[in-house]
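Survey of secondary and tertiary structure
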Amino acid sequence: MNPEMRTRIVAGNWKMNTTPEEGKKLVSEMIPMIDDEIRGAVHAILIPPILHLSGLMSLFSNRKQSLSWGAQDCSAHSKGAYTGEISAEMLLSVGVSYILVGHSERRAYHNETNTLCRDKILRIIEAGGCPIYCVGETLQEREEDRVTPVIEQQLNEGLPELLWEKSLPLIIAYEPVWAIGTGKTASPHQASEVHGLIRHWLKTHASDQIADSTSILYGGSVKAENAAELFNMPDVDGGLIGGASLQSRSFVEIVKACVR
Ligand code: PEP
């Protein structure tokens, strides 16, 4: 497949920010800035706190726009006595299409392992959604020259074969931990190198066709100023944006920078 054919995606992870009212204001500012040209070229996914989802979707989903909705996490279980948890099926039932799995903040603060991520991915695919699986090395791992084994282990242990057996949708986000929320961005070359590694892993573990059609996003201090040079690198199909997705103008500038 020609890489030009892969879906270009920019996803905004709001993390634990904004009240529902602030969230509505943010989306209502973004929508008029996303014109037809951008709409046709880049798929934008908004990932607000779970509490905001139903309200935002009922207000904005029927308008002419190309926004899809994502959730920041889901349970590794289907249902039952898991107080405080939300299942993938519940999220899909209110209109969520994408669910983040293995974000570095969940790995670091909630001790999420690759195996737990795998269980979450299985729940998401059972529910009919698309996982956005986040992988990335810490600064120490990079300094110890362990980027390749760390990423490969995250892929080996986190991604169930069912994905390839049934050709199910998947997005992978490469997010170096040292670049998330720090203002330090991977250089375009560093990002492209790891994206190439992930694409190669997909070729050897899934198929050429899956490797060629899977969108791989870069995340880690992407801003309007550095987005284009990252998104123009080979194997970089868009971005997962944290801080800069909380301002309508900067998020829309980043979406525009993803247009080929
Ligand atoms: C993220 O949370 O996925 C992220 C990339 O954050 P930031 O853009 O703020 O570094």
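A brief structural summary. (Residues numbered from 1 in each chain as written. Predicted model: local features only at pLDDT ≥ 70, side-chain atom pairs only at ≥ 80, totals over all residues. Heavy atoms only, no water.)

**Section: the overall build of the chain**
From N to C terminus, the chain includes 13 helices and eight strands. Taken against the 2.2 N^0.38 rule, which gives 18 Å for 260 residues, the C-alpha radius of gyration of the chain at 17 Å falls within 12% of a compact globule. When its C-alpha atoms are laid out on the principal axes, the chain stretches across 45 × 45 × 35 Å. When burial is assessed residue by residue, the chain has 53% of its 260 residues classed as buried. For the chain, the centre of its 24 positive side-chain charges and the centre of its 32 negative side-chain charges are spaced 5 Å apart. (Helix = DSSP H or I, 4+ residues; strand = E, 2+ residues; numbered from the N terminus. Rg over C-alpha atoms; globule rule 2.2 N^0.38 Å. Buried < 20%, exposed > 50% of the residue type's maximum accessible area, 1.4 Å probe, protein only. Lys, Arg positive; Asp, Glu negative; His and termini not counted. Charge placed at Lys NZ, Arg CZ, Asp CG, Glu CD.)

**Description of the site of the ligand**
Close to the ligand lie 14 residues, the nearest being K15, E175, G181, S221 and G243. Interatomic distance of 3.4 Å between a side-chain N/O atom of N13 and an oxygen atom of the ligand. Between E175 and the ligand, the recorded distance is 2.7 Å, taken from a side-chain N or O atom to an oxygen atom. Compared with its free state, where it exposes 290 Å², the ligand has 95% of that area covered by protein. (Near = heavy atom within 4 Å. Polar contact = N/O pair within 3.5 Å; in protein donor to acceptor, adjacent residues only side chain to side chain. Areas by Shrake-Rupley, 256 points an atom, 1.4 Å probe, with all protein chains shown as cover.)

**Description of the pairing of strand 1 (residues 9-13)**
The buried fraction of strand 1 is high, at five of five residues. The alternating pattern of strand 1 places I9, A11 and N13 and V10 and G12 on opposite faces, both of which are buried. Where strand 1 and strand 8 (residues 238-241) come together, four bridges link them in parallel fashion. Each residue of the ladder has a partner; that of A11, found in strand 8, is L240. (Pairing = 2+ DSSP bridges.)

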